[in-house]
Amino acid sequence: TPEVITTTVTPTTTGSTTISTPEVTPTTKVTTVSIAHSTTAAPPTQETSTTPGKTTTTVICNGVWSVWLNENTPSISNKNDVELLKSIREKQCPIATHKVSQIECEAVKFPQRPIGESKDNVTCDVEKGLMCTFDEEASQKNIMCLDYRIRVCCEPVTFTTPSTVSPTTAINSTTSEAGCYCNQVPRRKCHETWEHHCSKITCLGGNTYLMENITCPSLPSKPKCRNGLEPVKVQTNNGCCEKWECDCQCEVWGEPHYRTFDDLQYDFFENCTYILVEEKVPKYNFRILVDNYFCLPSIPKSCPKGLVVSYNGIDVTISTGDEYVLTVNKKEISLPYSANGFEITKLGIITYISIPDIRTSITALQNAFRIRVPEQFFLDNTQGQCGSCSHAPPKCIRKNGTVEPSDCCHKTAYDWQLYDPSKPACQSAPTNVPCIPVPPAPTCKAEETVCDVIQRKPFEECRRKINLDNYFKTCVFDHCTLNATIDCSSLETAALACASVGICVDWRPFTNGVCNYNCDQDFLYKPCRSKKDDQCKNDSVIVGKKFAPAEEGCFCPDGMVLSEEKSKCVVLCQVCRDQFGHPKKEGDVWEDANNPCLSYVCGEFGVLIRNKSCNQDESCPEDNRIYIDRCCFRCRSSEGNCKVNKFNETIRKGYCEATFEATQCQGLCASATRYDFKSRGMDHYCQCCREEKTEKVQVNLHCRNGRRKKVEYVAIKSCICKDCGKGKGN
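Below or above, wherever it landed, is the structure these notes cover.

About the criteria used
Residues numbered from 1 in each chain as written. Predicted model: local features only at pLDDT ≥ 70, side-chain atom pairs only at ≥ 80, totals over all residues. Heavy atoms only, no water. Pairing = 2+ DSSP bridges. Helix = DSSP H or I, 4+ residues; strand = E, 2+ residues; numbered from the N terminus. Axes fitted to C-alpha atoms, helices over the stretch in contact; angles between N-to-C directions. Contact = heavy atoms within 4.5 Å. Phe/Tyr/Trp six-rings, centres within 6.5 Å; stacked < 30°, edge-to-face > 60°. Buried < 20%, exposed > 50% of the residue type's maximum accessible area, 1.4 Å probe, protein only. Lys NZ or Arg CZ within 6 Å of the ring centre and 35° of its normal. Disulfide = S-S within 2.5 Å. Salt bridge = Lys/Arg side-chain N within 4 Å of Asp/Glu carboxyl O.

**What about the sheet that holds strand β28 (residues 342-347)?**
Point 1. Spatially, the eight strands line up as an open sheet ordered β20-β19-β18-β31-β30-β29-β28-β27, and their pairing is antiparallel. Strands with a single pairing partner mark the edges of an open sheet, and in this sheet they are β20 (265-267) and β27 (337-339). The average undirected angle you get between the axes of adjacent strands in this sheet is 10 degrees.
Point 2. Along the sheet, helix α6 (residues 487-500) makes contact with β18 (247-253), β19 (257-259), β30 (360-364) and β31 (368-374), crossing β18 at roughly 170 degrees.

**Side note on the side chain of T327**
Point 1. Within the secondary structure, T327 sits in strand β25 (residues 324-328).
Point 2. With residues up to four places along the chain from it excluded, the contact list for T327 reads D315, V316, T317 and E332.

**Some words on the packing of aromatic side chains**
Point 1. Across all of its chains, the model carries 17 aromatic pairs by this definition.
Point 2. On the basis of an interplanar angle of 85 degrees and a centroid distance of 6.3 Å, the ring pair of W194 and Y209 is categorised as edge-to-face. With a gap of 15 residues between them, W194 in strand β13 (residues 193-196) and Y209 in strand β15 (residues 208-213) connect regions that are remote in the sequence. With respect to burial, W194 and Y209 carry one shared label: buried.
Point 3. When the centroid spacing of 5.1 Å and the interplanar angle of 45 degrees are considered together, the rings of F660 and Y713 count as tilted. One end of the pair, F660, is in strand β49 (residues 656-666); the other, Y713, is in strand β52 (residues 708-723), and 53 residues separate them in sequence.
Point 4. Three or more aromatic residues joined by ring pairs form one cluster here, namely Y258, Y266, F268, Y274 and Y414.
Point 5. Across the ring face of W65, the terminal group of R151 is positioned such that the distance to the ring centre comes to 4.3 Å.
Point 6. Over the face of the ring belonging to Y324 we find K346, whose NZ or CZ atom lies 4.9 Å from the ring centre.

**A word on the state of the cysteines**
Point 1. Taken as a whole and assessed by the stated rule, the structure comprises 24 disulfides.
Point 2. A sulfur-sulfur separation of 1.9 Å characterises the disulfide bridge that pairs C656 with C703. For the disulfide bridge between C656 and C703, the dihedral angle about the S-S bond is near 105 degrees, and by the sign convention the bridge is right-handed. Of this pair, C656 sits in strand β49 while C703 sits in strand β51 (residues 681-703), and the two are 47 residues apart along the sequence. Across the pair, C703 and C656 agree in class, each one buried.
Point 3. The side chain of C669 participates in a disulfide bridge whose partner is C721; the two sulfur atoms lie 2.0 Å from each other. Between C669 and C721 the disulfide shows an S-S torsion of about -85 degrees. By sign, it is left-handed. Of this pair, C669 sits in the loop between β49 and β50 (671-676) while C721 sits in strand β52; the two residues are 52 residues apart in sequence, bridging distant segments of the chain.
Point 4. According to the relative accessible area criterion, C721 is partly exposed, its value standing at 26%.

**Some thoughts on the sheet that holds strand β9 (residues 129-133)**
Point 1. The strand order β6-β9-β8 describes an open sheet built from three strands, whose pairing is antiparallel. Strands with a single pairing partner mark the edges of an open sheet, and in this sheet they are β6 (81-84) and β8 (121-125). When strand polarity is set aside, the average angle formed by the axes of neighbouring strands in this sheet is 10 degrees.
Point 2. Taken together, the four bridges between β6 and β9 define a ladder with antiparallel strand orientation. Of the residues in β9, the one forming a bridge with L84 is G129.

**Some points on the pattern of salt bridges**
Point 1. The final tally for this structure, using the stated rule, is 29 salt bridges.
Point 2. We note a salt bridge from D291 to K423, for which the minimum N-O separation is 2.3 Å. Taken together, the positions of D291 in strand β22 (residues 286-294) and K423 in the loop between α3 (409-412) and α4 (460-463) put the pair 132 residues apart, joining distant regions of the chain.
Point 3. The partly exposed category is assigned to D291, whose relative accessible area is 21%.
Point 4. Residue D415 pairs with R398 through a salt bridge whose shortest N-O separation is 3.6 Å. With D415 in the loop between α3 and α4 and R398 in the loop between β33 (396-397) and β34 (403-404), this residue pair connects regions lying 17 residues apart in the sequence. Grouping residues by exposure puts D415 and R398 together as buried.
Point 5. A single network of salt bridges, built from pairs that share partners, joins K222, E230 and K465.

Function-wise, these values are silent; they only describe arrangement.
This is the structure:
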C-alpha cells in the first residue's frame, strides 16, 4: 500500500465559512483539507456603500442566492408574518457540501429597503428565518405586519484539493470500501461523481468531497451554416457551457408555397392532409402534419389552414384559417401554455410553439408557417414535404424512398398524404404522380401592390445577403390568383427568412395599412425582439427566454414587465392578495373574513381598503334594526334621513399611500307604487339618496423616498333625495 502523507491544518474562520490553508512539505503527494464548522456563528459578510443622505448595505454571497420566498401573508385574522427556514433549508441547499450561510429579508412592498426602517417588530435570523410580531398598542397607523419575503445564500463549506495522486488515494485506508458513504441526502457511495451548479463533485467518504469546476471548451468563432441560416448559441452541461449549433428551416405560406429544409422551393395546391415533417427513425416521437383547404371556394387553389404538431404522444393542433383554434389532445387551452413538453405563446397575430427538449420551434401566422429543427437532433433523420435536414445535395424524395430530380417536389408532395376521415374525397387522391415540368406562373395586369415592398428599401440590407426573388414571385402569383387576399403571407415569410440570417426588417409600415399588426391595449408592436417579455411570478421578476432567431409580435413597453396573469404590462410586480394569500385580479372585491364592515378592492395602484362607516344609531333596539347588509342597519324610527356619510379610504400607488376620509350619500327616500287608470298600468314613484353638491379634492400620497404624490377625487358636500332615473351617472 503506498504511503499517504496528509498534512495537519488548523482551521481559521473567515465570515461564516471556515477555510483551511495547509503547509505542504516537498514530499507531500496529496493534500486533504476537511473544513470544520465554527462553533460560534460569524457575522455575515457585508459591503457598505455610502451616497449623500443614504447608506446601503449589501450582503455578500459566496455561493448562490435562492429565489425570493414568500410562504405566508399577514391578514386581519392573523396580523403576524413568519418565513421560517426550518421547512425549506434542505430544499434550498440540498447537498452536504453546502449550507445556508446568509439570509436577506425585505418587505414585498419596499424592496431593497432595510427592514430596520419599518415600524414593525421584525427580526431576520440566518438560523430561524424572519419573524414579525404585530403590536397593536405600539402601531399607530398599520393594521397588520407588512408582507415580508426572504432569500438565502447556499455556500460551499467543505473542500478537498487533490495533487498528482488519484482522489481515491485520499480516503483513509482503514475505511471499509463496502461501507464507504458520504453523509448527505441522497446517500452517495465513495468514488461516486455527480454534477451540481457547474461543479463536479466526488464523494471521498464521510464529510469529505472532491469539488472541481466543470471545464468548458473554448467557444470558437461563429461558424457559417451550410444553409445560410445564422448559427444558434446553445447551452451544454446543464447550462454551464456554450457551443454553436446550426438549424434546418422549412416554410409553408400563401397558396401554398413550400421552401424545404434543403432550400428547394415548389408550389402544391391540393386540399388534403399531408406529412410535413417526420422522423425516418423514430427517436422523439415527433411529427408535423399540414391541413390544407381551399381558401376561396371558386378557385381550386389551397391555403395552409393549420398544423398538427405531435411530440411524445401529445398532439397540438393549431388552425389559423378563417377561425383561430388551438387545442391540446383535442381540448381547447388558454394561452400562454406550458405543459407536456410544449411552451405556447401568442403575441398579437403570431403564435409561437416551442418544444425546448428538442430545441424545435413552430411560428404560425394566418396563412404561413415556419418550422425550425436543430441539426443536433434531426440531421439526416427527417422526411416529408419539408424534405431532408441534411448536408447532402437537395433532392425530392417520395414516401417509398425513391429519389427524384430537384424540380419534381411539386409531384412527390402527393405521396405524403395522410388518411383523414374528415376528408373522404382525399381517399381517391393520386399518389406516385410522374414528374412533369412546372407550368408557367399566371400573369395579370401590371399594378402596384404590397409585393413591391420586397424589392424596395425595407428589404434592401436583407437582399444583399439572401435572394428574395422567389418570395416576390410567390406574392405576385397569389395576388394574380386570389386578388390580393393573402399577399401579406409572402412578405411575412420573407421577413422571417431575413430574421433567420440575422437581419431585422421593419416592413409593415410601408404597406399602407394592408399588412398591419394590431396589438391589444398596453402592448406595443416590435418587428424584431431578441427575448420574451420579463414577467411577474410570486411578486418577483422572471427574466424572459431568448428568441433564436429574433421574433416579431406584441410586447410590453420598455421599463415594464408582463403581469402575473400575463394579460397586461405593469411597472412593478405588485400582486393583490387577499387575507389568505390568494392572488386577485384588478377589479376584484372581497370582504374580510372576520369583519363584515371591512372590504378590499384590487385597484390599479394596489389593494384599496374600505372600512365602512354606517352612521347608525347603536342605541337602536335589536327589534327595530333593519339590516341593509352584514355590516349596517337602519332603525325604523330614523327612516327618511338622506345625508353625507363619512368613511375611511386607503389608496396605494406604487410605493406611495395615504388614508383619508371619503364621503358617500346614505339614507332612505320616499317611494310609492299605485295603479294609473290613464295608462292602465302600475305607476312607480321612486327617489334615491344622491349627491347634491360635489367638489374636486386632492389627496397627498406619502412615498417611501420622502416625496409626496397628489391624487384627485370627487368629494360629496351634500346629499338630497332625487328621482332615481335622473341622477348624475345615469
